[in-house]
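# Close look at the chain arrangement
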Amino acid sequence: MSSQKKILVIGSNGQIGTVLTKKLGQKFGFENVIGSDLRIPDIPTKFIFEECSVLNKEKLEEIINRYNISDVYLLAAYLSAKGEKNIDKAWDLNMNGLLHILNFAKEKKIQKIFWPSSIAVFGPSTPKNDVPQYTITEPTTIYGVSKLAGESLCNYYHNKFGVDVRSIRYPGIIGWESMPGGGTTDYAVDIFHEALKHQEYTCFLSRDRTLPMMYMDDAIQATIGIMGAQFDKIKIRTSYNLSSCHFSPNDLAEEIKKHIPSFKIKYKVDERDALAQGWPSSINDRHARNDWGWEPNFNLSQIVSDIILNLRNRYNK
């Protein structure tokens, strides 16, 4: 495996990073995957770990050179709800972290970059249903603003310097292997833990707030899939729309009740609902499907069944 590519995952302790590093290690060999984050993981990892901030350009460069990194997955970010309370830090992390990695690619220190955007780039002026790839983007959060600016920056570096940067607009992502990290769609992860432990949950979004969502397994499949696609298959260098399913808190609760009949949901709406109000209800992702073969595997019923099965096994242990 020594001839394998060397992969750096920045933000490896996060909701997506925790699962992605595991999947990349299984695919390419754990000796070829280097994770980095602000703090050491709580449990031992099979992959190599380096404690480092994406804002520490000098240490990042040293890590890239030492391991001869070819591919970088840049997941470190201030998410939507957290970012509204830390505007300066959110902009600094989300934009300067990306700029560091793009410049490393421009200098040919790395070959390929994955950087995720988000449905947060959309806003109240965006169509609500079946949102097309090319549409009005007027975000209302610093997270969305920074992601939209990042999309343009990625496109600029690709067109001007030939940087191979690839991106998808993540919808809300839910799974069972890791805990959420401060996003507006976090309710769809928390609800399962509370349903199994207490048979009730108080939701901070309104009952019928329908949002595009995706199972973690599909998100990881898409992330590795776009990075594995041939260079000329990637036609969009801002960020691809990505879709799987869409549902409201009430839809999710009703599906959970099929497995836990005693489950009850209450609503105590806070500022996160106002953030979500400006986002689309459903997304059109035909470009991702046509260009590099994206296809989701999980619908809402399958997502709920799989999460409850895995969490029951975890809690029983």
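Once a new chain begins, its residue numbering starts again from 1 and follows that chain's sequence as written. Under the rules for a predicted model, residues below a pLDDT of 70 receive no local features and side-chain atom pairs below 80 are neither given nor counted, while totals for whole chains, interfaces and linings still include all residues. Calculation of side-chain values draws on the structure's entire complement of heavy atoms; hydrogens and water are dropped beforehand.

### Examining the side chain of Asn241
Starting at the N terminus, helices and strands are each numbered in turn, a helix being any DSSP run of H or I of at least four residues and a strand any DSSP run of E of at least two. Following the sequence through the fold, Asn241 ends up in strand E12 (residues 240-241). Polar contact is the term for a pair of N or O atoms within 3.5 Å; when the atoms are in protein, one must be able to donate a hydrogen and the other to accept it, and sequence-neighboring residues count only if both atoms are side-chain atoms. A polar side-chain atom of Asn241 sits 3.1 Å from the main-chain carbonyl oxygen of Val131. At 3.0 Å, the side chain of Asn241 forms a polar contact with the backbone oxygen of Asn284. Contacts were defined at the residue level, with two residues in contact if any of their heavy atoms lie within 4.5 Å. Other than its neighbours up to four places away in sequence, Asn241 contacts Phe122, Val131, Pro132, Gln133, Arg169, Ile283, Asn284, Asp285 and Ala288.

### Topic: the pattern of salt bridges
Between Lys or Arg on one side and Asp or Glu on the other, a salt bridge is scored when a side-chain nitrogen of the former is within 4 Å of a carboxyl oxygen of the latter. Here the structure, examined in full by the defined rule, presents 16 salt bridges. Across the pair Glu254 and Lys257 runs a salt bridge whose closest N-O atoms are separated by 3.2 Å. Pair noted here: Glu254 and Lys257 are both in helix H8 (residues 249-257), with a separation of three residues, about one helical turn. Residue class for Lys257 comes out partly exposed when judged on its relative accessible area of 29%. Here Asp270 and Arg272 are joined by a salt bridge, their closest N and O atoms 2.6 Å apart. Throughout, exposure labels follow a simple rule: accessible area from a 1.4 Å probe, protein chains only, divided by the maximum for the residue type, with under 20% read as buried, over 50% as exposed, and the rest as partly exposed.

### Section: the packing of aromatic side chains
The rule is short: rings of Phe, Tyr and Trp, with Trp giving its six-membered ring, pair when the centres are within 6.5 Å, and they are stacked under 30 degrees, edge-to-face over 60, tilted in between. Here the structure, examined in full by the defined rule, presents eight aromatic pairs. With centroids separated by 5.8 Å and ring planes inclined at 75°, the aromatic side chains of Tyr156 and Tyr157 adopt a geometry described as edge-to-face. Each ring, one from Tyr156 and one from Phe161, has its centre 6.1 Å from the other, and the planes form 90°; the classification is edge-to-face. Overall, the relative accessible area of 42% leaves Tyr156 in the partly exposed class. In textbook terms, an aromatic cluster arises when at least three aromatic residues are bridged by ring pairs, as seen for Tyr73, Phe114 and Tyr170. Its end group placed over the ring of Tyr78, Lys82 keeps NZ or CZ at 4.8 Å from the ring centre. By definition here, charges over rings are those cases where NZ of Lys or CZ of Arg is within 6 Å of the ring centre and within 35 degrees of the ring normal. Against the face of Phe161 rests Lys106, its NZ or CZ located 4.6 Å from the ring centre.

### Structural notes on the pairing of strand E1 (residues 7-10)
Residues of E1 alternate between two faces, with Ile7 and Val9 on one and Leu8 and Ile10 on the opposite face, all of them buried. If DSSP finds at least two bridges between two strands, the strands pair. Pairing of E1 with strand E2 (residues 33-37), which is carried by four bridges, proceeds in the parallel orientation. Residue pairing across strands places Val9 opposite Gly35, the latter belonging to E2. In this fold, E1 hands off to helix H1 (residues 15-28), which returns the chain to E2; that crossover is right-handed. Where E1 meets strand E4 (residues 71-74), four bridges bridge the pair, whose relative direction is parallel. By convention a crossover is right-handed if, when the strands point away from the viewer, the path from the first strand over the helix to the second runs clockwise.

### Quick notes on the packing of helix H6 (residues 187-198) against helix H11 (residues 300-316)
Their axes nearest at 10 Å, the elements H6 and H11 cross at an angle of 55°. Taken as axis vectors, H6 and H11 run oblique relative to one another. Crossing angle aside, the handedness with which H6 passes H11 is right-handed. Contact residues: Phe192, His193, Leu196 and Lys197 in H6; Val304, Ile307, Ile308, Leu311, Arg312, Arg314 and Tyr315 in H11. Note on definitions: angles span 0 to 180 degrees between N-to-C directions of axes, and those axes are lines fitted to C-alpha atoms, for helices only across the stretch in contact. Here the word oblique covers every angle except those under 35 degrees (roughly parallel), over 145 (roughly antiparallel) and from 65 to 115 (roughly perpendicular). For any pair of crossing helices, the crossing counts as left-handed if the nearer helix is rotated counterclockwise from the farther one by less than a right angle, and right-handed if it is rotated clockwise.

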